[in-house]
Amino acid sequence: MSSPASSPVKAVLGPTNTGKTHLAVERLTAHSSGMIGFPLRLLAREVYDRVVHIKGPKQVALVTGEERIMPPDARYLLGTMEALPIERDVAFVGIDEAQLGADPERGHVFTDRMLRARGREETMILGSASIHGLVRDLVPEAEIITRPRFSTLSYAGTCKLSRLPKRSAVVAFSAEEVYAIAEMLRRFSGGAAVVMGALSPRTRNAQVEMFQAGEVDYLVATDAIGMGLNLDVQHVAFASLQKFDGRRLRRLTVSEMAQIAGRAGRHQQDGTFGTVGLPQGGFTPEEIHAIEGHHFPPLQSVYWREPNPGYATLDQLLADLAQPPSHPRLRAAPEAVDLAVLKHLAGDMEVRARGGDFDAVARLWDACGLPDFEQLGAEHHSRTVFKLWQWRTSGDGMIDPDWFAKKLARLDIVEGDIDQLASRIAAVRTLCFIAQRGDWIADAAGWTAQTQVLETRLSDALHAALAQRFVDRRLALLIRDAGQRHAALPVAVGADGTVAVDGEAIGTLKGFQFKVDAQARASDHRLLLAAAEKHLRAEMARRATALAEGEDAALALVSVAGETPRIAWHGDVVATLAKGPTLVQPAILIEPALRRLEVPQVQAIVERLQRFVAAQLARHAGPLAAMGEAAGDLFTPPRTRALLAALVDGGGFVARTGVDEQLAAMSTEERPLLRKIGLTIGSLDLFHPLLLKPEAVRWRAALLAAQQGGRLPVLPPHGAVWQKDGPVVGLGIAGFRRCGEGWLRIDMAERLARQAHAARLQAEAKPPAPIAGGDEHDENHGGHEVASAPPPAGFAIDPALATSLGLDTGARRGLLQAFGFRSVGEPELDRWRWSGHRGRDKKPRRKQGRRPHPARPDAAAKTGQPVVAPAKPRKDKRHKTGKPVGAPPPPPPRPDRPDRPARRGPSPHSPFAGLAAMLADARKD
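Residues numbered from 1 in each chain as written. Predicted model: local features only at pLDDT ≥ 70, side-chain atom pairs only at ≥ 80, totals over all residues. Heavy atoms only, no water.

Describing the overall build of the chain
In step 1: Broken down by element type, the chain carries 32 helices and 35 strands.
In step 2: The proportion of buried residues among the 925 residues of the chain is 49%.
In step 3: Looking at the chain as shown, the accessible area adds up to about 44,600 Å², and 53% of this sits on carbon and sulfur atoms. (Helix = DSSP H or I, 4+ residues; strand = E, 2+ residues; numbered from the N terminus. Buried < 20%, exposed > 50% of the residue type's maximum accessible area, 1.4 Å probe, protein only. Areas by Shrake-Rupley, 256 points an atom, 1.4 Å probe, with all protein chains shown as cover.)

In structure tokens form, the structure reads like this:
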């Protein structure tokens, strides 16, 4: 190292924004070699990138506590002040921010470099004008050059955080304050970048790049931005005017205020400063005047500590570090972390025992230089230092690689929140510092690469976490857009319904319903909805036109069990069916999203949906609509209208027991009117076969749910005719009736009833069988004549149809009893007799004459004839209307359907003549 008098020393002093750092870089690159020491790793990295751009990466080195880039032929070195190798012989030496010699924690390092670091050809001291007198007294050979500020810095007063001007930096002095302010700015303006000294250079550069690129308009930082970081800031707002300096909470000095406020403005661009609210009472008039005029009280002294203590004994080391300075402008430095750790370890028995070992003491002080990146405190941090010292003074003098590898592996987790990631980065910085020391750990280069890779990964994860928490690009875009009355930002609706405004997704559009992005915060919903309403008007109008003028194929009934019946357009719900004037005239309530359309568009959509429902009812539930129309027709006979009204209320079905009296009261002219509609008057039910089809069942269920204001029931599967169990309501709507332990569809029940009556009529038409056998010879009985047993009374029914439907014996017997048949004889004989009352709760008709009961053993003996029921045909009685009493004879078969009676076309004078076309279409479907 050259002596102080061997090279010229220049002290470039002045306020911020005077281009001092830029001047130092120019002088550095003008020499054949050189180095500059900076107060922050971030600033060292920034200047390193600039010099690399000028000289190339092979000529430039970076040396900090956690990072070391040292090409073999490097001639220019940038680094932190503590890492600056002052013994290196270079042509130029620069010392940045020399006024930090007054810092209680690190001031003695800056003072030492100012006093001892020299270049062969030139030395430059950069700092505030407040150290003018100190430089003159401590470095009398220095040429002092004062540089004025290029632009004007003025006080802008106080304002709310929500009204900060764009391109502002908000300064706070704790991570908690920084996070809280950044979160509020995200809500107000879409986000902010975050810069803190604890961030890695990669994270810090990524955050600054967002601010510089205009992705965010605000920057929230600690006082780290006051150390020469070049940012495009126009206004600096102080969220606080006090900081904790490691010992106490104190108000900022005027010089510190000016250092931070001076970041506003660049070169000849003016800047402003102010406060957010009135922290600690805000700026005093004297402080404002000093900052605007760059009038700062001069520093009277800087901190100093013996830079070269002796290591002969531990006591000598402690004594040298406590030695007072000899110059009046120098003050003894307060106890820094390294000295506090040394004093704490000096009380350890093992350390005291080796207190006379020169190498052990030297290595102890060397280990105490490990920075406390994790801010653990001297006592906790000393445990790590003690372990490192033990390894350094035993064995091969190297740190255990297994311990280092385990520490590194535990930190290799990129998941977590901001605090967790920042804590891991701080711990990795400790390992980075160790890995940089080739005399501490073997294979230092390999460990350095691993730690730097991990720090990079954690830094990227931290940047992503900061951006995710404090930056909402979508919100920032929409806030800017909200201020433009006639904005024409491009809007795109993807195939999946994703809505993007200028490339930023704001939500999804399903039909006419816009839903805010699920990832958006609740506080942003109102703004996103407003943006959607503004930008989706044209798309909504286009969809409204397509709905009003589209085909029926795009519309469908949504019938989900447990929900209300709705209508969907291309799969998206647009309306709900509700109670209307009649069952077949439901009300149509469109979705709230459609009600925000223009009134003509809403009216066109409602009319379109009404036409769709009417067409679907005519197609799938035409008979039900026909019943409803006939029930309201004044030309329909009153008894018929009443019966049809009951059918409509029941959804197209009604049990015969409920309308039997009405049927009996009908005249011979009225009953055919029911058959012309297509009704089947069965033994148990009145129904229309077309209404049992799956689509008809689905629409009837929807109509009933809408009329009753309820929800759709669970319906049986399509095509089912027998259900062992299931929901009663759904089975009833689908046309099923209880049959023993299960449910049978009513048309199948009617088929079984017809089969039973056909078997009855066939049995009644057969001649009685003889009681005894003829003259045949029975070889098993020796040729004797054997009399045959009398057959049981009644008739048998072929069980094939019931079996094909899946009915068991109990279900079939219960169904036949409901038809009006009763079992005769033993149950296993399966013989039946017609009781004549279809299972209704009424007295049976009076019997004609006395007929012997088949259970009486003397029945055959008294009559002399086989017992066959009925014993004789009943007398043909007629009702007062002229209608025969009892089961009518089978009607003549139809030519196209032998199993159905022939039908005549409707008379032009019939009250149902107007429904002929509708019923014809319904039958086709």
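Structure's up, so let's keep going.
Here we look at the packing of aromatic side chains
In step 1: The full count for this structure, using the stated rule, is 12 aromatic pairs.
In step 2: For the ring pair Y155 and F273, a centre distance of 5.3 Å and an interplane angle of 55 degrees mean the geometry is tilted. One end of the pair, Y155, is in strand β9 (residues 153-159); the other, F273, is in strand β16 (residues 271-276), and 118 residues separate them in sequence.
In step 3: When its relative accessible area of 29% is taken as the criterion, Y155 is described as partly exposed.
In step 4: The exposure class of F273 is buried, given its relative accessible area of 0%. (Phe/Tyr/Trp six-rings, centres within 6.5 Å; stacked < 30°, edge-to-face > 60°.)

With respect to the environment of R352
In step 1: The residue R352 is located in helix α11 (residues 349-353) in this model.
In step 2: Between the C-alpha atoms of R352 and T313, which are 39 residues apart in sequence, the distance is 9.7 Å.
In step 3: Once you skip the residues sitting within four places of it in the chain, R352 turns out to touch L314, D315, A346 and G347. (Contact = heavy atoms within 4.5 Å.)

Quick notes on unusual backbone geometry
In step 1: Not every positive phi belongs to a glycine, and R167 is a case in point at roughly 60 degrees.
In step 2: Along the polypeptide, R167 turns up in the loop between β9 and β10 (168-171).
In step 3: For D443, which is not glycine, the phi dihedral falls at a positive 55 degrees.
In step 4: Note on placement: D443 falls in the loop between α15 (418-435) and α16 (444-470).
In step 5: Judged by its relative accessible area of 56%, D443 is exposed.

Structural notes on the pattern of salt bridges
In step 1: Considering all chains together, one arrives at 39 salt bridges under this definition.
In step 2: Of the charged contacts in the structure, one is a salt bridge between E122 and R27, with a shortest N-O distance of 3.0 Å. Here R27 lies in helix α1 (residues 20-30) and E122 lies in strand β7 (residues 122-127), a separation of 95 residues in the sequence.
In step 3: Of the residues examined, E122 reaches a relative accessible area of 3% and is grouped as buried.
In step 4: Given the relative accessible area of 29%, R27 is considered partly exposed.
In step 5: Note that R250 and E256 form a salt bridge whose closest N and O atoms lie 3.0 Å from each other.
In step 6: A residue is classified by how much of its surface remains accessible, and E256, at 23% relative accessible area, is partly exposed. (Salt bridge = Lys/Arg side-chain N within 4 Å of Asp/Glu carboxyl O.)

Things to note about the packing of helix α28 (residues 746-765) against helix α30 (residues 809-819)
When two helices pack together, their arrangement is given by the angle between their axes and by how far apart the axes lie.
In step 1: Contact geometry of α28 with α30 gives a least axis separation of 10 Å together with a crossing angle of 75 degrees. Between α28 and α30, the angle is such that the two are roughly perpendicular. For the pair α28 and α30, contact is made by A749, L752, A753 and A756 and by L815, L816 and F819, respectively.
In step 2: For the contact of α28 with α30, the class distribution of residues is 7 nonpolar, no polar and no charged. (Axes fitted to C-alpha atoms, helices over the stretch in contact; angles between N-to-C directions. Parallel < 35°, antiparallel > 145°, perpendicular 65-115°, else oblique. Nonpolar A, V, L, I, M, F, W, Y, C, P; charged D, E, K, R; others polar.)

Topic: the sheet that holds β10
In step 1: In space, the 6 strands of this open sheet follow the order β9-β16-β13-β10-β12-β11, with parallel pairing throughout. The sheet terminates laterally at β9 and β11 (193-195), the two strands that pair on one side only. Taken pair by pair, the neighbouring strands of this sheet meet at an average axis angle of 25 degrees, ignoring direction.
In step 2: Where β11 and strand β12 (residues 218-221) come together, 3 bridges link them in parallel fashion. Across the sheet, V194 pairs through a bridge with V220, a residue of β12.
In step 3: Relative to β9, helix α8 (residues 285-293) is tilted by about 145 degrees, and along the sheet it contacts β9 and β16. (Pairing = 2+ DSSP bridges.)

Focus on the packing of helix α9 (residues 314-321) against helix α10 (residues 337-345)
In step 1: Packing of α9 against α10 brings their axes to within 12 Å, and their N-to-C directions diverge by 150 degrees. In the packing of α9 onto α10, the handedness of the crossing is left-handed. Between α9 and α10, the residues in contact are L314, L317, L318 and L321 and L339, L342 and K343, respectively.
In step 2: Its residues assigned to classes, the contact of α9 with α10 comprises 6 nonpolar, no polar and 1 charged. (Left-handed = near helix turned anticlockwise from the far one by under 90°.)

Some thoughts on the nonpolar core
In step 1: Core analysis: the largest hydrophobic core is formed by 67 residues, its most contacted members being F512, L577, L609 and L644.
In step 2: In this structure, W365, L370, L411 and I441 belong to the second largest nonpolar core, which totals 66 residues. (Core = buried A, V, L, I, M, F, W, Y, C linked by side-chain atoms within 4.5 Å.)

Concerning the side chain of R392
In step 1: Looking at where R392 falls in the secondary structure, it is placed in helix α13 (residues 378-392).
In step 2: With a relative accessible area of 7%, R392 lands in the buried category.
In step 3: When sequence neighbours within four positions are dropped, the list of residues in contact with R392 reads R363, D366, G397, D439 and W440.

A word on the sheet that holds strand β27 (residues 654-655)
Hydrogen bonds along the backbone pair up the strands of a sheet, which may run parallel or antiparallel.
In step 1: Sheet architecture is open: 3 strands sit in the order β27-β29-β28, paired in antiparallel fashion. Taken across any chain shown, the strands that pair with only one partner, and hence form the sheet edges, are β27 and β28 (680-681).
In step 2: Of the strand pairs in this sheet, β27 and strand β29 (residues 685-687) are connected by 2 bridges, and their pairing is antiparallel. For A655, the partnering residue across the bridge sits in β29 and is D685.
In step 3: Contacts between α28 and the sheet are confined to β28 and β29, with β29 contributing the most and set at about 125 degrees to the helix.

Brief notes about the side chain of T64
In step 1: As for its position among the elements, T64 is in the loop between β3 (60-63) and β4 (68-69).
In step 2: In this structure, T64 is in contact with R41, G79, T80 and A83, ignoring residues within four places of it in sequence.

Quick word on the confidence of the model for the chain
In step 1: Scored by pLDDT, the chain comes out at a mean of 81, with 81% of its residues at no less than 70.
In step 2: Considering each helix and strand of the chain separately, the mean pLDDT is smallest for helix α31 (residues 859-863), with a value of 42, and largest for strand β6 (residues 92-95), with 96.
In step 3: Per-residue pLDDT stays below 50 along residues 1-5; that stretch engages in 9 contacts with residues further than four places along the chain or on separate chains.
In step 4: Here residues 839-887 is a poorly scored stretch, pLDDT under 50, and it has 52 contacts once near neighbours within four places are set aside; other chains count. (pLDDT = per-residue confidence, 0-100.)

Concerning the pairing of β16
In step 1: Burial analysis of β16 places 5 of its 6 residues in the buried class, which makes it a mostly covered element.
In step 2: As judged from the 5 bridges shared by β9 and β16, these two strands associate in the parallel manner. For T158, the partnering residue across the bridge sits in β16 and is T275.
In step 3: As paired strands, strand β13 (residues 235-238) and β16 are joined by 4 bridges and run parallel to one another. Residue pairing in the sheet places A237 in a bridge with G274 of β16.

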